[in-house]
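Results of the structural survey
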Amino acid sequence: MERVTKLASEKPVVIFSKSSCCMCHTIKTLFYEFGASPAIHELDEIPRGREIEQALLRLGCSPSVPAVFIGGELVGGANEVMSLHLNRSLIPMLRRVGALWV
């Protein structure tokens, strides 16, 4: 859990993902389209990725990926991110944490 907290605070936007996950790809693309530069942790490609995945599940991420942190706080998965986007809350949130300049 401590490792997740540390990694989640390294940049304004952090995404825990798996390289084979289509929803992860969609969420990463959304942030890139906004001009954000998230830290991406591909759990199937990094050492101890399975441990991080288990910690994300304990935090309430179900499914475990994608797991999006903004400003060090867990926002949630694809459903939560898309809901924020559709109700026009996501971009202001990204601006507040310094992930977007405009």
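Residues numbered from 1 in each chain as written. Predicted model: local features only at pLDDT ≥ 70, side-chain atom pairs only at ≥ 80, totals over all residues. Heavy atoms only, no water.

Identification of the chain as Monothiol glutaredoxin-S2-like from Durio zibethinus is taken from an unreviewed UniProt entry. Its UniProt record, at the heading Subcellular location (unreviewed entry), says of the chain: "Cytoplasm". Its UniProt record gives the chain the following Sequence similarities (unreviewed entry) comment, quoted word for word: "Belongs to the glutaredoxin family. CC-type subfamily." (UniProt positions renumbered as here; feature names shortened; annotations may be inferred.)

We now examine the overall build of the chain. For the chain, the helix and strand inventory stands at 5 helices and 4 strands. Tracing the chain from N to C terminus, the helices and strands come up as α-β-α-β-α-β-β-α-α. Here the chain has a C-alpha radius of gyration of 13 Å; the compact-globule value for 102 residues is 13 Å, and the two agree. Dimensions along the principal axes, computed over C-alpha positions, put the chain at roughly 35 × 25 × 20 Å. Across the chain, the fraction of contacts at a sequence separation of at least 24, relative to all contacts at a separation of at least 6, is 63%. A total accessible area of about 5800 Å² is found for the chain, and carbon and sulfur atoms account for 54% of it. Both charge centroids of the chain, one from 11 positive and one from 10 negative side chains, sit 4 Å from each other. (Helix = DSSP H or I, 4+ residues; strand = E, 2+ residues; numbered from the N terminus. Rg over C-alpha atoms; globule rule 2.2 N^0.38 Å. Contact = heavy atoms within 4.5 Å. Areas by Shrake-Rupley, 256 points an atom, 1.4 Å probe, with all protein chains shown as cover. Lys, Arg positive; Asp, Glu negative; His and termini not counted. Charge placed at Lys NZ, Arg CZ, Asp CG, Glu CD.)

Tallying each qualifying case throughout the model produces 1 aromatic pair. With centroids separated by 5.7 Å and ring planes inclined at 80°, the aromatic side chains of Phe16 and Phe69 adopt a geometry described as edge-to-face. Here Phe16 is found in strand E1 (residues 13–17), whereas its partner Phe69 is found in strand E3 (residues 67–70), with 53 residues between them in sequence. Since its relative accessible area comes to 0%, Phe16 is described here as buried. (Phe/Tyr/Trp six-rings, centres within 6.5 Å; stacked < 30°, edge-to-face > 60°. Buried < 20%, exposed > 50% of the residue type's maximum accessible area, 1.4 Å probe, protein only.)

Here we take up the sheet that holds E3. With mixed pairing, the 4 strands of this open sheet are ordered in space as E2-E1-E3-E4. Either end of the sheet is taken by a strand with one partner, and the two such strands are strand E2 (39–42) and strand E4 (73–76). Adjacent strand axes in the sheet meet at a mean angle of 25° when their direction is disregarded. Bridging between E1 and E2 involves 4 bridges; their strand directions are parallel. Looking across to E2, one finds that Phe16 is bridged to His41. (Pairing = 2+ DSSP bridges. Axes fitted to C-alpha atoms, helices over the stretch in contact; angles between N-to-C directions.)

This part is about the confidence of the model for the chain. Of the residues in the chain, 99% have a pLDDT of 70 or more, and the chain-wide mean is 95. Per-element averaging of pLDDT across the chain places helix H1 (residues 2–8) at the bottom with 91 and E1 at the top with 98. (pLDDT = per-residue confidence, 0-100.)

In this section: a nonpolar patch on the surface. On the surface, Met1, Leu59 and Leu74 cluster together into a nonpolar patch covering about 240 Å² of accessible area. As for its placement among the helices and strands, Met1 is situated in the segment before H1. A relative accessible area of 43% places Met1 in the partly exposed class. (Patch = residues over 30% accessible without salt bridge, like charges linked within 9 Å, V, L, I, M, F, W, Y side chains within 5 Å. Salt bridge = Lys/Arg side-chain N within 4 Å of Asp/Glu carboxyl O.)

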